[in-house]
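Architecture and fold: a report
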Amino acid sequence: MFPLLYTLIILLTIADASAPPFSFANREGFHNAYWSAFTTLNFSYDANTGVFHDDHCPRGIWWNSANAFLTIAKEVAWYNVNGTALPNEVTLYLSQIYNKTVQPTKDFRPVSNSFNDDHLWWLWFAAELSDLPKNILPPQLQQGMLEAVHRGWEEVTQCRSLLCSGANATYLPITWQRELGPQHGNATCAASNGYIATITNSLFMVVSAFGPQSWLNEAENMWGWLKTHVVSKDGLVHDGLDPQKSCTVRNDTWSYNAGVVMYGLSKLYMALGKTYLLDDLELVASASLDAFVDTRGIIRENQCETQANCGCDGDEFRGPFVRGLALAYKVLDNNKNISGRIAKILNYTMAMALQNDCNVLWQFQLHWAGPYNLQYSPTTQIPALDLIVAASEINHPNHQGYSE
């Protein structure tokens, strides 16, 4: 009886409590909040696979895990303003991830995975780490990440498709899937067909924006293709093109598509300085805030949150969305109307998530607006890490150099 009663008391305490409070004016408060939330997530880390585990997701959470690790790179870039080396435990953790997921035969994709977007999420994570200043990571780890990005980029570029490109196409998009070889160790794109996904191509734009001039050219050309084919005139980013339906644009609009596009446009502008990219970024940001913020001013995944069933993938979508908003805020800082709107929404969403969607153990659920109902899972925790980092970046901008 006593263990049961004790468990009941704990559950009632968790259900009624909010996250431990901290001031948004306190830089250390954000830093501690992030690592508290990450520590909670880390209870679901599987050291054998190198990724997180969620009992509700039998297919695994491979791409979700890449986004979780990506938040480490973002938090490190934001917090380590003086370029100081990481604590040993964080370095060892990243090294373990590297050893499990980065090998010439894997390069951030399990041997049975045929999805280019899953691969590209991991390349983004590696690109962020390899882009950190020297001395933060061990040189061999940083160099290994950089080499993996280059190998992966070259592989994905082989997956061009004539589908939905038109007779006079000047640029060919990347396919969503690719063919797997007989041993599943190597992938070939020669016979890849099917869905042309926005997320695959916007991720390719982001990863390309980390590279040399030839990659930047690819990123800019990719934006031209995306803008022409999947972005509406008012800036709303659609989910892709369906070759089975005469290449019509899918009506689905998910927040992560917009977030990745905003991040890619921001990176491109920072590299190229072309003003039309700022105009496009402002348009996409404005349309996205209209689409994915509720009447109270809280970020929401409208297509699935209303049914409280976003699934293992949909749970994560808002993570890349707020990541894109945070970088757009930095780039659009001279436009006080849109940057002020971004800051207001991110701050209010962060405050409401802490108050209504998080408990004393730093467990976040699906609905950042609340109420808390003991429905925590690793897939709902991961986008909350991005939310904390995004709020950190807008409240304490890193003007000393390299936080992006």
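Above this text sits the structure in question.
Below, the structure is looked at part by part.

About the cut-offs
- Residues numbered from 1 in each chain as written.
- Predicted model: local features only at pLDDT ≥ 70, side-chain atom pairs only at ≥ 80, totals over all residues.
- Heavy atoms only, no water.
- Axes fitted to C-alpha atoms, helices over the stretch in contact; angles between N-to-C directions.
- Helix = DSSP H or I, 4+ residues; strand = E, 2+ residues; numbered from the N terminus.
- Parallel < 35°, antiparallel > 145°, perpendicular 65-115°, else oblique.
- Left-handed = near helix turned anticlockwise from the far one by under 90°.
- Contact = heavy atoms within 4.5 Å.
- Nonpolar A, V, L, I, M, F, W, Y, C, P; charged D, E, K, R; others polar.
- Core = buried A, V, L, I, M, F, W, Y, C linked by side-chain atoms within 4.5 Å.
- Buried < 20%, exposed > 50% of the residue type's maximum accessible area, 1.4 Å probe, protein only.
- Phe/Tyr/Trp six-rings, centres within 6.5 Å; stacked < 30°, edge-to-face > 60°.

Quick word on the packing of helix α13 (residues 318-331) against helix α14 (residues 336-356)
Contact pair α13 / α14: the axes reach a minimum separation of 9 Å and the direction vectors enclose 140°. Accordingly, the angle class assigned to the pair α13 and α14 is oblique. The way α13 lies across α14 gives a crossing that is left-handed. For the pair formed by α13 and α14, the contact residues are V322, L325, A326, A328 and Y329 on the first element and S339, I342, A343 and L346 on the second. Of the residues that constitute the contact of α13 with α14, the class distribution is 8 nonpolar, 1 polar and no charged.

Details of the nonpolar core
Counting 127 residues, the largest nonpolar core has L94, W124, F125 and W223 as its most contacted members. By residue number, the principal contributor to this core is helix α3 (residues 62-79), which donates 11 residues. Apart from the residues within four sequence positions on either side, F125 is in contact with A66, F69, L70, L94, I97, F108 and M145.

Concerning the packing of aromatic side chains
In the structure shown here, the tally under the stated rule is 31 aromatic pairs. With 6.2 Å between their ring centres and 75° between their planes, F38 and F52 make a pair best called edge-to-face. Here F52 lies in strand β2 (residues 51-52) and F38 lies in helix α2 (residues 27-42), a separation of 14 residues in the sequence. Summarising the burial analysis for this pair, F38 and F52 share the class buried. Their ring planes at 40° and their centres at 6.1 Å tell us that W63 and F317 sit as a pair that is tilted. In this pair, W63 is assigned in helix α3 and F317 in the loop between α12 (311-314) and α13, connecting sequence segments 254 residues apart. Comparing W63 with F317, the two get one shared label, buried. Among the aromatic residues, those joined into a ring-pair cluster are Y34, W35, F38, Y45, F52, W62, F69, Y93, W122 and F125.

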